[in-house]
Amino acid sequence: MNIQEQLLVEHSKANALYIAKYIGNDQGKFTELVDLFLGDDYRITQRAGHALSTAFDAYPELIEPHIDKIITNLQNDVNDAVKRNTLRVLQNKTIPEAQEGFLATKCFDYLLSSKEPVAIKVFAMTVLANLCVKYPDLKNELKTIVEDLMQSGTPGIISRGTSVLKKLDSLR
């Protein structure tokens, strides 16, 4: 299968599952998908993001060699699908120490932006809450921002915010 051609067939959950199943536990095929995800074509990166997060769910270890590249890619002007799928994956991974500061700053920026969609904000909350375990000094800032977002938030913001606040309260 040509992964890029298959991505262009349609944008659907079924197609993302089909591609993820094709990739399986094959690091080479996963690397090909990551390269498409990190590309410049909006449609390809958007569709590759869905397939990437689906493949990650089945074989999370495949992402390890690509974590730095995926985080660094957030320095670029990437579309919402890339941000969302990057943070979705990172909420379940240990962040390389060299990338923690950059990623924390980026996630705080996403939370404070009025232009970011809810999904990006909720995944950013979780990434930051996970970083608070190692860096408790971030806890109060995150807590304040989450509480503010929840005041006029969507059900998604309120639900994730409630979970994040519970996690932050449990940290010493």
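Everything that follows concerns the structure shown earlier in this document.
Predicted model, so just to flag it, every value in this text is computed and none were measured.

How each quantity is defined
- Residues numbered from 1 in each chain as written.
- Predicted model: local features only at pLDDT ≥ 70, side-chain atom pairs only at ≥ 80, totals over all residues.
- Heavy atoms only, no water.
- Helix = DSSP H or I, 4+ residues; strand = E, 2+ residues; numbered from the N terminus.
- Rg over C-alpha atoms; globule rule 2.2 N^0.38 Å.
- Buried < 20%, exposed > 50% of the residue type's maximum accessible area, 1.4 Å probe, protein only.
- Contact = heavy atoms within 4.5 Å.
- Areas by Shrake-Rupley, 256 points an atom, 1.4 Å probe, with all protein chains shown as cover.
- Salt bridge = Lys/Arg side-chain N within 4 Å of Asp/Glu carboxyl O.
- Phe/Tyr/Trp six-rings, centres within 6.5 Å; stacked < 30°, edge-to-face > 60°.
- Lys NZ or Arg CZ within 6 Å of the ring centre and 35° of its normal.
- 1 Å grid on protein atoms, 1.4 Å probe; cavity = no way out; pocket = protein on both sides within 12 Å on 5 of 7 lines; lining within 4 Å.
- Points joined across faces, edges and corners; volume = space filled by probe spheres on them.
- Nonpolar A, V, L, I, M, F, W, Y, C, P; charged D, E, K, R; others polar.
- Arc of directions from axis to C-beta.
- Polar contact = N/O pair within 3.5 Å; in protein donor to acceptor, adjacent residues only side chain to side chain.
- Axes fitted to C-alpha atoms, helices over the stretch in contact; angles between N-to-C directions.
- Parallel < 35°, antiparallel > 145°, perpendicular 65-115°, else oblique.

Enquirer: Would you take a moment to explain the overall build of the chain for this structure?
Expert: In terms of helices and strands, the chain carries 10 helices and 0 strands. Each helix and strand of the chain, ordered N terminal to C terminal, gives the series α-α-α-α-α-α-α-α-α-α. Relative to the globule expectation of 16 Å for 172 residues, the C-alpha radius of gyration of the chain, 16 Å, shows essentially globular dimensions. C-alpha extents for the chain along the principal axes are approximately 50 × 30 × 25 Å. The buried share among the 172 residues of the chain stands at 48%. In the chain, 67% of the contacts between residues at least 6 apart in sequence involve partners at least 24 apart. Carbon and sulfur atoms form 49% of the exposed surface of the chain, whose accessible area is close to 8,700 Å².

Enquirer: Which parts of the structure should I look at to understand the pattern of salt bridges?
Expert: Opposite charge on two side chains allows them to pair when their charged atoms are near. Overall, the coordinates contain 7 salt bridges when judged by the stated rule. For lysine 83, the salt bridge goes to glutamate 116, with nearest N and O atoms at 2.9 Å. Of this pair, lysine 83 sits in helix H6 (residues 80-90) while glutamate 116 sits in the loop between helix H7 (97-112) and helix H8 (118-134), and the two are 33 residues apart along the sequence. Of the two residues, lysine 83 and glutamate 116, neither departs from the other in class, the shared state being buried. Salt-bridge contacts for glutamate 100 lead to lysine 134; the nearest nitrogen and oxygen are separated by 3.1 Å. Taken as a pair, glutamate 100 in helix H7 and lysine 134 in helix H8 lie far apart in primary sequence, 34 residues in all. According to the relative accessible area criterion, glutamate 100 is buried, its value standing at 6%. Classification of lysine 134 as partly exposed rests on a relative accessible area of 45%. What you see here is one network of salt bridges that share partners, running through Asp80, Lys83 and Glu116.

Enquirer: Whenever I open this one, the packing of aromatic side chains confuses me. Can you help?
Expert: One pair of aromatic rings is described through two measures. These are the centre distance and the angle between the planes. Within the structure shown, the criterion is met by 0 aromatic pairs. Positioned over the ring face of tyrosine 22 is lysine 29, at 4.1 Å from the centre of the ring.

Enquirer: Any chance you could explain empty space enclosed by the protein here in plain terms?
Expert: As enumerated under the stated definition, the model contains 1 cavity of 30 Å³ or more in all. Size it by volume and the largest cavity reaches roughly 40 Å³. Around the largest cavity, the lining residues are Leu7, Glu10, His11, Ser12, Asn15, Ala16, Ile19, Arg47, His50 and Ala51. Of all the secondary structure elements, the ones that give two or more residues to the lining of the largest cavity are helix H2 (13-23) and helix H4 (42-58). Here the lining of the largest cavity is composed, by residue class, of 4 nonpolar, 4 polar and 2 charged.

Enquirer: Looking at this structure, how should I read helix H3 (residues 27-37)?
Expert: The α-helix winds at 3.6 residues per turn, so residues separated by three or four positions along the chain end up facing the same way. Residues of H3 that are buried include every one of Phe30, Leu33, Val34, Leu36 and Phe37, and no others. For H3, the arc enclosing every buried residue in end-on projection is 160°, short of the 170-degree limit, so these residues lie on one face. For H3, the secondary structure elements touched by its buried residues are helix H1 (3-9), H2, H4, helix H5 (67-72) and H6. Two or three places before glycine 28, at the opening of H3, aspartate 26 has a side-chain oxygen 2.8 Å from that residue's backbone nitrogen.

Enquirer: Help me understand the packing of H8 against helix H10 (residues 155-170) in this model?
Expert: The relative placement of two packed helices comes down to the angle between their axes together with the axis-to-axis distance. Running from amino to carboxyl end, H8 crosses H10 at an angle of 5°, the nearest separation of the two axes being 10 Å. The angle between H8 and H10 places the two elements in the roughly parallel class. Mapping the contact onto sequence places Val118, Lys121, Val122, Phe123, Met125, Thr126, Ala129, Asn130, Cys132 and Val133 in H8 and Gly156, Ile157, Arg160, Gly161, Val164, Lys167 and Leu168 in H10. Here the contact of H8 with H10 is built from residues that sort into 10 nonpolar, 4 polar and 3 charged.

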